[in-house]
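Structure assessment
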Amino acid sequence: MTQEEFSKLENPEKTLEEINNEIKLNRIQELCDITEHYHPGFKFKRLFENMKKKLRIDEKIQNELNLEYNPYLIPGKLNEEITPKFNELSEEVQNDEKFQRIFKCSYHKIIISFFSLILNLRKNKQEFNIIFRFFGHDKSDIEEFIFEFNCFCDCLHPRYRGDFGYEKVKFDTEKEKYKIDLETSEFTAIIYRGENEENEKVFFETLDHPDYNELEEHRENIEEFYSDTKDNENISPTKSYKDIYLSFMDKLHLNSSFVILDDYSYFKNHDNKHGKLFLIDPYDLDTLQIFFDSQLDIYPEKIDIIDVNTRKKLDLNYTNDKFIVNVDPYKAICDPLYFVKKIEECINNRKTELIKNIEKEIPIIPTTKDFDFQNELNKLPSDIYLQMTVLPLLNNAISMCEMIRPQDPISFIATFMLNNKDYSRKIDNIIKELPKREKEEIKIVPDDEDYFEEEEEEKEEEDNEEKNENEKEEVKQEVTDSKKNSKNVTKTSFKKN
């Protein structure tokens with residue numbers, strides 16, 4: 001029996017939503033009191049107070065927005081705090097009034113280190129996309145979060161509009177398309193998990209879903225829920241990993257930000273397994289996908305990392321600090337450059353992995369002690385070396401790319417060549433014969449016989465030219481010698497006379 005069900009038995013007159021809100025309030029109250037005297041977390045009081053200090057809104061901004069500081073995250077009575085919800089506020093409500101709602105109790109909703117990461121990436125002129133993942137949040141929480149992020153992009157955020165000595169941030173709306181319009185839901189999606197790839201479903205351009213209490217009943221026929229809704233009647237699910245991955249990539253080409261609502265209900269009802277679906281392409285050398293999440297040491301299956309090429313789940317140890325970052329909440333709150341440092345660490349780890357993979361691909365052939373294979377390769381002409389190693393497979397990759405016409409041809413060719421490494425057999429066949437004739441001059445003949453015919457013709461022409469030049473020089477030399485002899489003869493004869 002869950003805590004909600006038990007509370008329902010105690011208070012049958014209250015709705016489930018009211019019971020959940022009371023549980024949340026009590027839980028937060030317990031967390032706030034846990035570091036007080038005679039409580040088990042008293043030794044962490046200094047760390048907790050430091051976190052609260054970093055999360056507090058600047059006093060000047062508090063005064064401008066008429067905010068009142070309260071040591072608890074959700075002060076006052078519950079009904080006064082949650083009603084009306086953020087998504088129920090009228091359109092006439094001004095931004096400052098909405099920020100009063102967001103910065104309740106004078107605490108930041110989005111931590112400063114996240115904004116510092118965006119500013120750092122923009123400063124370094126680094127191209128990047130952002131996907132916001134919500135796990136068990138209702139639509140009001142999502143709208144509250146996206147509103148603050150959009151204000152940050154529009155230079156309307158109280159901390160980033162150039163007031164009180166803070167930096168002024170303004171995005172170029174034509175080039176930097178990071179704002180998200182939740183009214184159109186164009187760049188949103190909701191994911192429904194399943195036991196295997198066939199049962200995975202993603203609905204794009206919507207965040208609507210059945211009530212969490214009724215979701216398990218509708219899961220098998222979830223398409224009916226969207227077909228019965230007027231706003232979502234044309235929405236159909238995307239199922240295969242490859243199609244889901246490519247659909248996300250297409251959306252991110254149109255807009256640099258995206259919102260995903262993950263399937264918290266499935267995760268909760270399956271022993272905290274099959275949480276957030278994370279599709280990556282390890283062969284994509286141009287893009288590094290990084291998923292930031294917390295509590296991965298407690299819930300190691302909170303994220304399912306799937307390779308879209310093999311459709312297999314990747315080990316968390318392999319992806320850790322490379323594609324996945326287990327966020328330390330204390331450091332993320334207290335260190336404004338936390339995410340910047342983590343991205344640099346992921347990039348360095350990814351580079352190290354690629355270098356190791358390249359070293360593995362270099363053939364190490366056991367031969368005699370005096371034989372240096374690399375030295376022999378260095379002796380080859382560039383065109384012969386490339387024709388022997390790279391060009392056969394590269395030509396096939398280009399031909400395949402021309403037939404399929406992928407959206408990202410560079411990544412396609414790179415992936416094709418990495419997945420089809422049989423071209424190394426050509427080298428292996430040549431190397432097998434090398435020990436037999438190590439004392440002889442090594443000659444590697446390419447497949448194209450016309451190559452040597454042309455080369456021989458060029459050599460013959462060069463030899464003929466050299467012969468003609470030599471003959472001309474000999475003739476000139478004979479002429480000069482004959483002239484000298486004739487002069488000497490006339491001189492001697494003149495003297496005699």
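What you see as residue numbers is a count from 1 along each chain, following the sequence as written. Two thresholds apply to this predicted model, a pLDDT of at least 70 for residue-level local features and 80 or more for giving and counting side-chain atom pairs, whereas whole-chain, interface and lining totals are computed over all residues. For the side-chain quantities, the full set of heavy atoms in the structure was used; hydrogens and water were omitted.

Right, let's talk about the nonpolar core for a bit. The set of buried Ala, Val, Leu, Ile, Met, Phe, Trp, Tyr and Cys residues whose side-chain atoms join them within 4.5 Å is what this entry labels a nonpolar core. Burial here depends on accessible area, computed with a 1.4 Å probe over protein chains only, as a share of the maximum for the residue type. Under 20% is buried, over 50% is exposed, and the range in between is partly exposed. Counting 42 residues, the largest nonpolar core has Phe132, Phe149 and Phe152 as its most contacted members. Elements represented by at least two residues in this core include exactly helix H7 (112-123), strand E1 (130-135), helix H8 (139-153), strand E2 (188-192), helix H10 (222-227), strand E4 (257-262) and helix H15 (338-361). Sorting elements by how many residues they give to this core places H7 first, with 7 residues. One finds Phe187, Val202, Tyr245 and Ile306 within the second-largest nonpolar core, a separate group that totals 16 residues. The numbering of helices and of strands both runs from the N terminus, where a helix is a DSSP run of H or I of at least 4 residues and a strand a run of E of at least 2.

Our next topic: a negative patch on the surface. Patch membership requires more than 30% relative accessible area and the absence of a salt bridge. Residues of like charge join within 9 Å; the nonpolar side chains Val, Leu, Ile, Met, Phe, Trp and Tyr join within 5 Å. Surface accessibility in these figures is a Shrake-Rupley result with a 1.4 Å probe; residues are shielded only by whichever protein chains are displayed. Should a side-chain nitrogen of Lys or Arg be within 4 Å of a carboxyl oxygen of Asp or Glu, the pair is scored as a salt bridge. As used throughout, the charge tally considers Lys and Arg to be positive and Asp and Glu to be negative, leaving His and the chain termini uncounted. Positions of charges follow a simple convention, taking NZ of Lys, CZ of Arg, CG of Asp or CD of Glu. Residues Glu460, Glu461, Glu462, Asp463, Glu465, Glu466, Glu469, Glu471, Glu473 and Glu474 make up a contiguous surface patch of negative charge. Structurally, Glu466 can be placed in helix H21 (residues 450-496). For Glu466, a relative accessible area of 46% corresponds to the partly exposed category.

For the rest of this paragraph, the subject is the sheet that holds strand E8 (residues 312-313). Pairing in this open sheet of 3 strands is mixed, and the strands run E5-E7-E8 from one edge to the other. Unpaired on one side and paired on the other, strand E5 (276-280) and E8 mark the two borders of the sheet. Any pair of residues with heavy atoms lying within 4.5 Å of one another is described as a contacting pair. Lines are fitted to the C-alpha atoms to define the axes, a helix being fitted only along its stretch in contact, and any angle between axes, read from their N-to-C directions, falls within 0 to 180 degrees. Lying over the sheet, helix H11 (residues 241-254) contacts E5 and strand E7 (303-307), oriented at roughly 80° with respect to E5. Criterion used throughout: strands pair if DSSP finds at least two bridges between them.

Now for unusual backbone geometry. Positive phi outside glycine occurs at Lys125, with the angle close to 55°. Mapped onto the fold, Lys125 is located in the loop between H7 and E1. Phi at Cys155 takes a positive value of approximately 60°, unusual for a residue other than glycine. Note that Cys155 resides in the loop between H8 and E2.

Attention now goes to the environment of Lys273. Inspection of the secondary structure assignment puts Lys273 in the loop between helix H12 (264-269) and E5. Along the sequence, Lys273 and Asp304 sit 31 residues apart, while their C-alpha atoms lie 8.6 Å from each other. Every residue in contact with Lys273, bar those within four places of it in the chain, is listed here: Tyr266, Phe267 and Glu301.

What follows concerns H11. In this analysis, the expected span of each helix is defined as 1.5 Å times one less than the number of residues it contains. Over its 14 residues, H11 runs 21 Å from end to end, which matches the ideal 20 Å to within 8%, given 1.5 Å per residue. When H11 is considered as a whole, its buried residues turn out to be Tyr241, Ile244, Tyr245, Phe248, Lys251 and Leu252. All buried residues of H11 lie within an arc of 125° about the axis, which places them on one face of the element. Exposed side chains of H11 directed beyond 90 degrees from the buried face belong to His253 and Leu254. Along the arc lie the directions from the helix axis toward the C-beta atoms.

All right, on to the packing of H7 against H8 then. With their axes 12 Å apart at the nearest point, H7 and H8 run at an angle of 35° to one another. In this structure, the crossing between H7 and H8 has a hand that is right-handed. Across the interface between the two elements, Phe114, Phe115, Ile118 and Leu119 from H7 touch Glu148, Phe149 and Phe152 from H8. The residue inventory of the contact of H7 with H8, partitioned by class, reads 6 nonpolar, no polar and 1 charged. Put simply, a crossing is left-handed when the front helix is turned counterclockwise from the back one by less than a right angle, and right-handed when it is turned clockwise. As a working rule, the residues Ala, Val, Leu, Ile, Met, Phe, Trp, Tyr, Cys and Pro are called nonpolar, Asp, Glu, Lys and Arg charged, and the rest polar, with Gly in that last group.

Turning to the pattern of salt bridges, a few remarks are in order. A complete count under the given rule lists 24 salt bridges for this structure. The salt bridge involving Arg193 is made with Asp304; its shortest N-O contact spans 3.0 Å. Separated by 111 residues along the polypeptide, Arg193 in the loop between E2 and strand E3 (201-204) and Asp304 in strand E7 bring together distant segments of the chain. Note on Asp304: relative accessible area 3%, which makes it buried. In this structure, Glu205 engages Lys251 in a salt bridge whose closest nitrogen and oxygen atoms are separated by 2.9 Å. With Glu205 in the loop between E3 and helix H9 (215-218) and Lys251 in helix H11, this residue pair connects regions lying 46 residues apart in the sequence.

Let's shift gears to the sheet that holds E3. On the basis of which strands lie adjacent, the open sheet formed by 4 strands has the order E1-E4-E2-E3 and mixed pairing. Bordering the open sheet on either side are E1 and E3, each of which pairs with just one other strand. Strand-to-strand twist of the sheet, defined as the mean angle between neighbouring strand axes without regard to direction, takes the value 20°. Here H8 sits on the sheet in contact with E1 and E4, set at roughly 155° to E1. Along the sheet, H11 contacts E1, E2, E3 and E4; its crossing angle with E3, the most-contacted strand, is approximately 20°.

With respect to the helices, strands and loops of the structure, Glu200 is situated in the loop between E2 and E3. From its side chain, Glu200 meets the backbone nitrogen of Gly194 in a polar contact 3.4 Å long. Those residues in contact with Glu200, other than ones at most four positions away along the chain, are Tyr192, Arg193, Gly194, Thr238, Lys239, Tyr241 and Leu277. Within 3.5 Å is the distance limit for a polar contact, defined as a pair of N or O atoms, with the added protein rule that one can donate a hydrogen and the other accept it, and that residues adjacent in sequence qualify only through two side-chain atoms.

Using a probe with the size of a water molecule, rolled over the atoms, empty space left in the structure can be pinpointed. Cavity: a set of points on a 1 Å grid over the protein atoms alone where a 1.4 Å probe fits but cannot get out. Pocket: an open set with protein on both sides within 12 Å along at least five of seven lines, its lining residues, like those of a cavity, having an atom within 4 Å of a point. Grid points are joined across faces, edges and corners, and a volume is the space filled by probe spheres set on the points. Going through the model one piece at a time under the given rule, you end up with 1 cavity of 30 Å³ or more. Around the largest cavity, the lining residues are Ile190, Ile191, Tyr192, His209, Tyr212, Leu215, Leu261, Asp262, Asp263 and Tyr264. Breaking the lining of the largest cavity down by element, the ones donating at least two residues are E2 and E4. The element best represented in the lining of the largest cavity is E2, accounting for 3 residues.

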